[in-house]
Amino acid sequence: LPTSLPTSLPTSLPTTSLPPTSLPTSLPTPRPTSVPTSAPTSLPTTLPTISFAPTKPSLTLTSALVLDGTSKSSWNAAYEETFKQSLVDVSALIESTDDFVGNLTVSDGARRSRTRRRRLQDASVSVSFVVRVDVDTGEDGAVDIDSYVTAFEAELVSATTVDEQTGVSPLDIALQATAEEKGYEVKITADQEASHSMIATETGGVESSRPPTAAPSPAPSTAQPTTPRPTPKPTPAPSVTPGNPTAVPVPAPTLAPTIESCEKVRERTGPPPDVDSARFSSTGASILVDLDAASDQAGMLAGEYFPCAELLDFADVDTAECFWVSATQIYAEVNKALDFVPGENVTLRANTTMLACDDDRCECRVRNTASSVPADPPDPLPDVEPVFQVPDSIAVCEEGGLAVEASQSIGSGGREWKQLVWSVNATGPPGPKVNGTANATFALLYMQYRATTVLSSEFTAETTELQALAIGGFDTLVLSLALENFLGSTKTESVEMKLSTKSIPSVLIVGGANQVARVGDALTVEASGLASGCDGRSKAQRAVDYAWNLYRLDGVDDPEEDWTQLAEGAEFVAVGNCECTGTQGFDPWDTSGAECAAAGCVSYPPLNSFALEALEGYLTPEDAASTGNGTRRRLTGSAYPYCQCCEAACASVGGHWECGEAGPEFKLDPFSLDSGTTYVARAEATDTKYDLSNTADVYLAVGVGSVVAAIEGGDRVVSVQDELQLDASSSFDEDINPDCGDGAGDWRANFGRRRLAHNDAHGTRTAGDCGTGDDAGLSFSWICEELEVRDDGEKQVNGSC
């Protein structure tokens, strides 16, 4: 062998000749053919020069901190850059922001409120990070990972510990200085307690690489390698090679985890949200827009209103307001968007939202593209109900003719009716018509034509038209109204009016002839009557007297002969007008009852504000006092025993108590009717000049109320060491009187809470007659479930107690 390597080999290889005595005697003197005369052409031109000075190994460290003053949805590049640079400033191990590996992982922190509406200053985020730092090795060449992790943990704790005098931590100072230097609107601080907890659990480290060793001196060998020694690289485990017989074994390095590409992340998490459906609410005043995936809510908080145009596009969107219901649903108020109807497109604007981030690769999310769906009508469609303001009978001689009003019809959705069409017909007794049939037919045809061309909520008929119908033998006018709202709901109703040749007064029920009532609500029905003007009287001379009757129906379609007239009669249902005149300083509205008692009266109960509010047209004590002495004080109410106290008090001061006939209003106190029953209230208006009367009926459908479960105190926080007792005795049935009074069901001791006498089941105090809980005849059973409260505030059953 030659005493030195060929000069064409890299100059960094040792050139010192080996001592001749070290050569084995069996080594042939010629140059081995396997040794190239020059450096192999396969030798990389970028082969690094091997130095005898070893490079430092690197260590991958991980940890996490909690920052107050921002939320996950508000975190952006400015926050990230400020955080990284500030951590470099307070750390001895992290030398630059280049030491950070990958992106930060940001999630809502421990201070996040569970309520839907929370202030940004109360928000916080936890920030997890990974850094790769240079470290030293021990004499054995190994890295003491535990000592570096301990040191890293200690410097993070120190950096986030608040100084007792200044009230800020070193990291807080660095965060503020960095933000000011870079001109960022970033105001965040380290949460000491939460950060220390995160540091204790999240700080760790793994060795990322080991130092390369210096090139060794050549040693005797029986064979010469055919290629140059490759550049040293980290290997999964140490090995001894022919060219390095004395390699020192070192622990196998743990390679840094491979970071998943954003493309792969998006394949795993799916595309950004698209609009999935849009549906009108049952009233038509709003829509609910559903997304096909959980979104970041466009960085907004649930429940906070914002202009819909920021996120959505549809007809008249600029008039609509929205808020996020959840990460997948948007509520939009569209009652002012008059051009927006079912079938119109709802578009989720492009670049407005993205997927909610539930893993550590939030930076891979992309914003949505525009997507649209047609708005669906509500399911089921809302009810439409024509409501007619019309008398049951009308005198054909009335000046001004007939006006039928339907503006109180319900179900339009707060908009103009899409369709409003009247139709008219007339009927009469069978047999040949008298002279005038042609005029009657012409009048009817003209009304029918007018009904189809005038799209108004009011239909009118001229006096001449009504008279022509009556002369032609028609005695009933039939009007039909077809309504359709913008949601697609339709309804057609008809109403009949008797045509009278007599000068009968007119009377109609305000609010229509079909109304609903609830057991627990006070009932008021109003009639509007006027004597005939056929004789030329002015309206001021056409007042009528009223009388009321109440009937119970066993079936909604029962004929009138099967109705049950209630035994109470006019004494119960007649609402009269009473007044006290000539009073001298006495106030019959005394709420304490003292003056009433001094007058020798017994009040049922004492005249208090509740009793006053239960009466129609009452005067408050202030109103009564303001009228002064010697003036007329008027009570529009009923001549019940309660009023006898006022009558006696009126007499005691020399006044005169007068009660007139029933008035135009019919009133019943709460719990006067039975649930699930239909009643008919009939108003009779009488023209005393001609002793002619007319009636108008209103059907009262009484609904069935609900049983309401109520737990005293509502939600609460209790200790696991305390006994838990819950009280549901205040639960009630909406159809049962909760206030029994001292009279055990006697309404006179419980004014405003009486029952009709025909309700035999409530004649005396029995279980279920009044009260709450057991007294109301309710039975109870309890279920205990364990609920998990999620981050969005929703509660989910997580098992039984």
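Just so you know, these numbers come straight off a predicted model, no measurement behind them.

Asks: How would you summarise the overall build of the chain if you had to cite specific residues and measurements?
Replies: Per the secondary structure count, the chain includes 12 helices and 34 strands. In the chain, buried positions account for 37% of the 801 residues. Sequence-distant contacts in the chain: of pairs separated by 6 or more residues, those separated by 24 or more amount to 69%. When the accessible surface of the chain is totalled, it reaches about 43,200 Å², and 51% of it is carbon and sulfur.

Asks: Give me the state of the cysteines: which residues, what numbers.
Replies: Scanning all chains against the criterion turns up four disulfides. For Cys262, the disulfide goes to Cys364, at an S-S distance of 2.2 Å. Its torsion about the S-S bond being -70°, the disulfide of Cys262 and Cys364 is classed as left-handed. Here Cys262, found in helix 5 (residues 262-269), pairs with Cys364, found in the loop between strand 12 (345-348) and strand 13 (371-374); they are 102 residues apart in sequence, far enough to count as distant. For Cys262, a relative accessible area of 24% corresponds to the partly exposed category. Overall, Cys364 belongs to the buried group, its relative accessible area being 1%.

Asks: Which residues make up the pairing of strand 17 (residues 458-461), and what are the values?
Replies: In regular strands, side chains alternate between the two faces of the sheet. Only one face of strand 17 is buried, namely the one carrying Phe459 and Ala461, since none of Glu458 and Thr460 on the opposite face is buried. For strand 15 (residues 402-405) and strand 17, the ladder comprises four bridges, and the chain directions are antiparallel. Within strand 17, the position partnered with Leu402 by the bridge is Ala461.

Asks: An account of the side chain of Ser409 is requested, with residue identities and associated values reported.
Replies: By secondary structure assignment, the location of Ser409 is in the loop between strand 15 and strand 16 (419-427). Among the polar contacts listed, one links the side chain of Ser409 to the backbone oxygen of Ala406, at a separation of 2.8 Å. Not counting chain neighbours up to four residues away, the residues in contact with Ser409 comprise Glu385, Pro386, Val387, Trp417, Leu481 and Leu483.

Asks: Which residues make up the sheet that holds strand 19 (residues 490-500), and what values do they have?
Replies: Strands sit in the order 14-19-18-16 across an open sheet of four strands; the sheet is mixed. The open sheet has two edge strands, strand 14 (393-395) and strand 16, and neither has a second partner. Geometrically, the sheet is characterised by an average inter-axis angle of 25° between neighbouring strands, direction not taken into account. One ladder, built from nine bridges, connects strand 18 (residues 476-484) with strand 19; its direction is antiparallel. Bridge assignment links Thr476 to a residue of strand 19, and that residue is Lys498. The sheet strands contacting helix 6 (residues 437-453) are strand 16 and strand 18, and the helix crosses strand 16 at an angle near 170°.

Asks: Residue-level account of unusual backbone geometry, with values.
Replies: Looking along the chain, the bond that leaves Asp379 and enters Pro380 is cis, with omega of 0°. Considering the arrangement of structural elements, one finds Pro380 in the loop between strand 13 and strand 14. Backbone geometry at Asn351 places phi at a positive 60°, although glycine is not the residue there. Summarising the element assignment, Asn351 is placed in the loop between strand 12 and strand 13. Unlike most non-glycine residues, Asp691 shows phi in positive territory, near 50°. Structurally, Asp691 is set in the loop between strand 29 (678-687) and strand 30 (692-702).

Asks: Account for the sheet that holds strand 8 (residues 306-307), naming residues and giving values.
Replies: Taken in spatial order, the five strands line up as 6-7-11-10-8 in an open sheet, and their pairing is antiparallel. Of all strands in the sheet, those bounded by a partner on one side alone are strand 6 (275-280) and strand 8.

Asks: Mind laying out the nonpolar core, listing which residues take part and the relevant values?
Replies: Burial of nonpolar side chains together is a common tendency in soluble globular proteins. Among the nonpolar cores identified, the biggest contains 34 residues, and Leu67, Trp75, Phe83, Leu87 and Phe129 are the most heavily contacted of them. Elements supplying a minimum of two residues to this core: strand 1 (58-68), helix 1 (77-90), strand 3 (124-134), helix 2 (145-159) and helix 3 (170-182). Val424, Leu479, Leu481 and Val495 belong to the second-largest nonpolar core, a separate cluster that totals 29 residues.

Asks: Talk me through helix 2; I want residue IDs and the actual numbers.
Replies: Since the α-helix turns once every 3.6 residues, residues separated by three or four places project in the same direction. Spanning 15 residues, helix 2 covers 21 Å between terminal C-alpha atoms, matching the ideal 21 Å at 1.5 Å per step. Of all the residues in helix 2, the buried ones are Tyr148, Val149, Phe152, Glu155, Leu156 and Ala159. Looking down the long axis of helix 2, one finds its buried residues gathered within 130° of arc, a one-sided arrangement. The exposed residues of helix 2 that point more than 90 degrees off its buried face are Asp146 and Thr150.

Asks: Hey, could you go over the packing of aromatic side chains for me, with residue numbers and the actual values?
Replies: Aromatic ring pairs are reported here in terms of the distance separating the ring centres and the angle at which the planes meet. According to the stated counting rule, one finds 14 aromatic pairs in the structure shown. Residues Phe323 and Tyr331 carry aromatic rings whose centres are separated by 4.8 Å and whose planes lie at 25° to one another, so their mutual orientation is stacked. According to the relative accessible area criterion, Phe323 is buried, its value standing at 18%. Exposure remark for Tyr331: the relative accessible area of 22% places this residue in the partly exposed category. In textbook terms, an aromatic cluster arises when at least three aromatic residues are bridged by ring pairs, as seen for Phe83, Phe100, Phe129 and Phe152. Above the plane of the ring of Phe486 lies Arg415, whose end atom (NZ or CZ) is 3.9 Å from the centre.

Asks: Got a sec to walk through the environment of Ser169? Specific residues and values, please.
Replies: Tracing the backbone through its elements, the reader meets Ser169 in the loop between helix 2 and helix 3. Along the sequence, Ser169 and Ser158 sit 11 residues apart, while their C-alpha atoms lie 8.2 Å from each other. Looking at Ser169, its side chain comes within polar contact range of the main-chain oxygen of Ala159, at 3.5 Å.

Procedures and definitions
- Per chain, residues are indexed from 1 in the order of the written sequence.
- Reporting in this predicted model follows two pLDDT cut-offs: at least 70 for local features of residues, and 80 or more for side-chain atom pairs to be given and counted; totals over whole chains, interfaces and linings ignore these cut-offs and use all residues.
- Side-chain metrics rest on all non-hydrogen atoms present in the structure, leaving aside hydrogens and water.
- A run of H or I in DSSP becomes a helix once it reaches four residues, and a run of E becomes a strand once it reaches two; helices and strands are each numbered from the N terminus.
- Burial status follows relative accessibility: with a 1.4 Å probe on protein chains alone, a residue under 20% of its type maximum counts as buried, one over 50% as exposed, and anything between as partly exposed.
- Contact definition: two residues touch when any of their heavy atoms are within 4.5 Å.
- Each accessible area is a Shrake-Rupley result for a 1.4 Å probe, and residues are judged covered by the shown protein chains and nothing else.
- Cysteine sulfurs are considered disulfide-paired once they come within 2.5 Å of each other.
- We treat two strands as partners when DSSP finds at least two bridges between them.
- Here a polar contact is recorded for every N or O atom pair within 3.5 Å, except that within protein the pair must consist of a potential hydrogen donor and a potential acceptor, and residues adjacent in sequence are included only if both atoms are side-chain atoms.
- Each axis is a line fitted through C-alpha atoms, and for a helix only the stretch in contact is used; angles between axes span 0 to 180 degrees, taken between their N-to-C directions.
- To form a nonpolar core, buried Ala, Val, Leu, Ile, Met, Phe, Trp, Tyr and Cys residues must be joined to one another through side-chain atoms within 4.5 Å.
- To estimate the expected span of a helix, subtract one from its residue number and multiply by 1.5 Å.
- The directions considered for the arc are those from the helix axis to the C-beta atoms.
- A pair of aromatic rings is counted whenever rings of Phe, Tyr or Trp (Trp by its six-membered ring) have centres within 6.5 Å, and the orientation is called stacked for planes under 30 degrees apart, edge-to-face for over 60 and tilted otherwise.
- Two conditions define a charge sitting above a ring: the NZ of Lys or the CZ of Arg must be within 6 Å of the ring centre, and it must be within 35 degrees of the ring normal.

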